[in-house]
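Architecture and fold: a report
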Amino acid sequence: MSRKKPAIIVISSHVVRGTVGNRAAAFALEVMGFDVWCVPTVTLPWHPGHGPSTRIVPPNEAFSTMLMELSASPWLGEVGAILTGYLGDVGQVEPVARLIRHLKRKNPDALCALDPVMGDGNALYIAKQQAVAIRDKLLPFADLVTPNRFELGWLSETTNIERQEDALAAAQKLPVSMVLATSTPAL
C-alpha cells in the first residue's frame, strides 16, 4: 500500500503567462504526486525579465490574515514542506516566518526550502530592508536554501565568489544544513 505524499506550501510569485514562481513549482510538484497549496505573493502578467508590467501585490493585512488562517487550519498537519520564493513586499516576511513557526510546531520534520529571490548581477532587485528581513527572519528557519551566486554572497557577506572554494566557504557561513547554489563557478 502506498503512503500519501505530504502537501507542500509554495509561497511565491504568480505569472499569468509563463512558468516561473508558483506556476513552475506547483506544476513540477503536482506531477511528482504532491498536493500543493499555492500562496501568491505578487501577480504579474509575465516574467519581469520580459519587460515592464502591472504588479499586483496583496495588501499586507490581507496577506497576513490569510497566512494566519492557514496556520490555524485543521489541514496544516498534511503539510510536509514549505517552499518560499519571491516575496512581493517586506510586509510579507513576518507572516511567512510565523506560518513556518506554526508548521514546525505541528510537524517538526517539515522541510523549509528558501529560494531567496532578491538579486543577481551584483545588485539587489528588491529593497534592502526586504533582503535584510529575508536573511534575518526566514534564513534561520531554512533546512535548504537555493541562492544564486550573488544571493549566496549577499547572505553570507562574502564578496568575489570566483572559485568553487569561495562558494563553498560562503555556503558554510550560512545557518543552513543544505545549500544548493546556482550560477557558481564550475572549476
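The structure under discussion appears in the preceding block.
Residues numbered from 1 in each chain as written. Predicted model: local features only at pLDDT ≥ 70, side-chain atom pairs only at ≥ 80, totals over all residues. Heavy atoms only, no water.

Next up on the list: the side chain of Ser71. Tracing the backbone through its elements, the reader meets Ser71 in helix H2 (residues 60-72). Not counting residues within four places of it along the chain, the set of residues in contact with Ser71 comprises Leu76, Arg98, Leu99 and His102. (Helix = DSSP H or I, 4+ residues; strand = E, 2+ residues; numbered from the N terminus. Contact = heavy atoms within 4.5 Å.)

In this section: helix H4 (residues 128-138). Buried within H4 are the following residues: Gln130, Ala131, Ala133, Ile134 and Leu138. For H4, the buried positions fall inside an angular range of 160 degrees around the axis, keeping them on one side. Opposite the packed face of H4, turned more than 90 degrees from it, sit the exposed residues Lys128 and Gln129. Where H4 is buried, its residues meet helix H3 (93-106), strand S4 (111-114), strand S6 (123-124) and helix H5 (149-156). (Buried < 20%, exposed > 50% of the residue type's maximum accessible area, 1.4 Å probe, protein only. Arc of directions from axis to C-beta.)

Before going further, it helps to spend a moment on the sheet that holds strand S2 (residues 36-44). Taken in spatial order, the 6 strands make up an open sheet running S2-S1-S3-S4-S7-S8, and their pairing is parallel. Both outer strands of the open sheet, S2 and strand S8 (178-179), are each paired with one neighbouring strand and no more. Note: S4 against strand S7 (residues 144-145), 2 bridges, orientation parallel. Within the sheet, the bridge partner assigned to Leu114 lies in S7 and is Val145. Across the face of the sheet, H2 comes into contact with strand S1 (7-15) and S2 while running at roughly 175 degrees to S2. (Pairing = 2+ DSSP bridges. Axes fitted to C-alpha atoms, helices over the stretch in contact; angles between N-to-C directions.)

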